[in-house]
Amino acid sequence: MLMAIVTLILSFFTLLPLSAWANPVKTEHIQAQLVSEVNSIKPGQTFWVGLHFQIQQGWHTYWKNPGDSGAAPSIAWTLPSGFSAGELLYPYPERLPTSGLMNFGYKNEVMLLSQIATPSNINTNKPIQLSAKADWLVCEQECIPENATLNLNLEIAKDTPVPNTKWTKVFEKTRAALPQDSPWQSTARINGETLTLRVNARQLQANQIKEVAFFPNEDGIISNAAPQKASFDKDGLTVQLERGNRSDVKQVSGVLVLQEVLDGQIANQAFAISPWVNGSSRIATQLETAANPQAASPQLWKVLGLALLGGFALNLMPCVFPVLSLKALNVVQKSNFSKQEVRLRGLVFTAGVLISFTALATMLIVLRSLGQQIGWGFQLQSPVFVTLLAYLMFAVGLSLSGVFIFGASLMGVGQGLAARNGLWGEFFTGVFATVVATPCTAPFMATAIGVALTQTPAIAISIFLLLGLGLAFPYLLIGFLPGLQKVLPKPGAWMETFAQFLAFPMYAATAWLVWVLAQQTGSTGLAAALFGLVLIGFAAWLHQKTYMIAGWTRRFASIAAFIVLGFALTLAQLPSSIAPNAANSNTQQATSNGLNWQPYNAQKLAELRQSGKPVFVNFSAAWCITCLVNERVALNQSDTIAAFQEKNVALLKADWTNRDTEITQALAAFGRSGVPLYLLYSANSDTPQILPQILSPQQVQEKVKSL
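Values in this document were obtained by computation on a predicted structure and should not be read as measured data. (Residues numbered from 1 in each chain as written. Predicted model: local features only at pLDDT ≥ 70, side-chain atom pairs only at ≥ 80, totals over all residues. Heavy atoms only, no water.)

Draft legend 1. Summary view of the pairing of strand β11 (residues 109–117). Here strand β5 (residues 46–55) pairs with β11 via 9 bridges, running antiparallel. The residue of β11 that forms the bridge with Thr 46 is Ala 117. Inspection of the sheet shows strand β8 (residues 84–85) paired to β11 by 2 bridges, in the antiparallel sense. Its bridge partner being in β11, Ala 85 is matched across the sheet by Ile 116. (Pairing = 2+ DSSP bridges. Helix = DSSP H or I, 4+ residues; strand = E, 2+ residues; numbered from the N terminus.)

Draft legend 2. Local environment of the packing of helix α7 (residues 383–400) against helix α14 (residues 552–572). Two numbers describe how α7 lies on α14: the axes approach to 9 Å, and their chain directions differ by 145°. Counted together, Val 384, Thr 387, Leu 388 and Tyr 391 of α7 and Ala 568, Leu 569, Leu 571 and Ala 572 of α14 form the full contact between these two elements. Residue composition of the contact of α7 with α14, by class: 7 nonpolar, 1 polar and no charged. (Axes fitted to C-alpha atoms, helices over the stretch in contact; angles between N-to-C directions. Contact = heavy atoms within 4.5 Å. Nonpolar A, V, L, I, M, F, W, Y, C, P; charged D, E, K, R; others polar.)

Draft legend 3. How the structure looks around the sheet that holds strand β18 (residues 229–233). With antiparallel pairing, the 4 strands of this open sheet are ordered in space as β15-β16-β19-β18. Sheet topology places β15 (186–191) and β18 at the edges, where each strand pairs with a single neighbour. The average undirected angle you get between the axes of adjacent strands in this sheet is 20°. One ladder, built from 5 bridges, connects β18 with strand β19 (residues 236–242); its direction is antiparallel. Counted as the bridge partner of Phe 232 is Leu 237 from β19.

Draft legend 4. Broad picture of the state of the cysteines. Enumeration over the complete set of coordinates arrives at 1 disulfide. A sulfur-sulfur separation of 2.0 Å characterises the disulfide bridge that pairs Cys 139 with Cys 143. Between Cys 139 and Cys 143, the S-S torsion sits near 115°, and that sign places the bridge as right-handed. Assessed through its relative accessible area of 1%, Cys 139 is described here as buried. Residue Cys 143 is classed as partly exposed on the basis of its relative accessible area, which comes to 40%. (Disulfide = S-S within 2.5 Å. Buried < 20%, exposed > 50% of the residue type's maximum accessible area, 1.4 Å probe, protein only.)

Draft legend 5. Main features of a nonpolar patch on the surface. A surface patch of nonpolar side chains, about 340 Å² in accessible area, is lined by Leu 388, Phe 562, Leu 565 and Leu 569. Looking at the nonpolar patch, the element that brings in the most residues is α14, giving 3 residues. Inspection of the secondary structure puts Leu 565 in helix α14. By relative accessible area, which is 30% here, Leu 565 ends up partly exposed. (Patch = residues over 30% accessible without salt bridge, like charges linked within 9 Å, V, L, I, M, F, W, Y side chains within 5 Å. Areas by Shrake-Rupley, 256 points an atom, 1.4 Å probe, with all protein chains shown as cover. Salt bridge = Lys/Arg side-chain N within 4 Å of Asp/Glu carboxyl O.)

Draft legend 6. Focus on the sheet that holds strand β17 (residues 209–216). The 4 strands lie next to each other as β14-β21-β20-β17, forming an open sheet whose pairing is mixed. The sheet terminates laterally at β14 (180–181) and β17, the two strands that pair on one side only. Relative to strand β20 (residues 254–262), β17 is paired through 7 bridges, and the arrangement is antiparallel. Across the sheet, residue Ile 209 finds its bridge partner in β20, namely Glu 260.

Draft legend 7. Seen up close, the UniProt feature "transmembrane region" (unreviewed entry) in the protein. In the numbering adopted here, UniProt assigns the feature "transmembrane region" (unreviewed entry) to residues 303–326, 347–368, 388–411, 423–446, 458–478, 498–518, 524–543 and 555–574. End-to-end, the C-alpha atoms of residues 458–478 are 30 Å apart, and along that stretch the chain is 100% helix and 0% strand. With 100% helix and 0% strand, residues 524–543 has its two end C-alpha atoms placed 29 Å apart. (UniProt positions renumbered as here; feature names shortened; annotations may be inferred.)

Put into structure tokens, the structure is as follows:
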């Protein structure tokens, strides 16, 4: 009778389906076991397995970076042939202070996830066994190293695998605690012993955030036990950290955990961030070889060479065309001077360029050290600067047209200049050339500027000086190569007509700047600028009309002209108080000649990439003539539009016309400090293709068709 009962029981258990099971290992302080998300597996598919710890009250285990002490759990798999296991994924940890130290880990309960891939040729007649040797450290005041070999048997499913409902909620909770890719741009800056993380998350509400914590992926990045100070402003979140003991930090990767109050309940969100330090990037890091001094010199010379070539190429960029009027007249006039005078003028013009580049570099370095998110061409993001530059262009045009002569002439233009006034004219022509050139980023110079903004001030200024030397180089050649001087046309009466003709590019530049201002400030700022231009014209006419009249009439007219000019300058301040034009805001969608641009932000880009769509990102600005030419010549073409539509490419436009911290940070992530920049993401790649700064329709179409 007894044997019959035993046989019946054994028969019953052999008829039961062999669902997912494991042999839990229970130590004095932890129970560990392998659990599967499904009760059975299907050949050729992946499934998730968890290493689950149930931890005794008061004890803890560790995250992948344990902090000041401890050791991360590890797992070594023994799998059937053809099976493979992914890396161990850790939920975000909590800070665990212990005797003046700070550790990162888990209390009570935690599950570490790993994805298992199965081959398609599994024998479906018998179950498979997964085996893993797990090691961990469990601590209270004392620490105990433990390990166990855990087994998990699973059946092979003939149909869709059935979820393991016993563990469904644990898997869901664990997935919710895994760090997600941050939808926001982030930057890191080291200043002395302080490491500052900046997250451009405008969506965050300071009154809803209860706690902020950063957990670095590697030890030595921060002082773990030091307080972490978080602050908010309209552009996002800043976290002040005490720097760790590592001096070789190029990139700060880790997990940012935000504890937020939503609908009266506390919710934690974890985001993976990996900002490069001080705006550096992969490009800049490859060029830096600080750890190898013998290799650093040729790399630095490479950057300096790129700067020189970039400055030379800047002469060919569309943004420099307005100042070519002055340069062309300047070159023609050289045939009227001696060789020594020509050389001196070339040197003075170069001095104007170099001093201007030095001043610009110094301003960039100082402002960035104060935490300002700015880049190349940043001054044109100021409506006041754009208005004043439009005034200056208009005044130069009036002078070239002969409407007025201030002193002998303006900025060295015209005939009959005294030697001193002529040299001052050369100098300010160099200054003017630099100011007008800054909206553009020429080939070669993008990498040079990107590296310059990550270096010491001395190296950064050296790079900018080479840029300026490249810009001035053609005019130095004319001064120091007598053969070039011989081919210059002879002076004559025709020069006055030529000068008047060259006024029209200056008027065109004025019109362009007024259009840029309209993009920034709307119709009110446009009206102020136009009225200011009328006042500039009236002041110039009044000054010239009474210039040759003696007595009180001339003095009264001069005073009146200066009053009118002062009123025009006062009007230039008005656009700065006007909100950016909503029609051109980066939060609105724009359509241009068939291209349906969506406004860029990091979260939108992340969503599109996660959806599997290819993405083209156009970093542009209304004041960047190169950008506008590229859009007209290469992007807004029927074949290019058709290529985008055929490949279902999402189009994002990062409009940098007005200052935008998020766009500045995105540019810095690719080693750039100015526009244009064109990125093309394929559906399955995290790394975009970077297109040239000067686009052709064929280039864009070939890149898109290759997706």
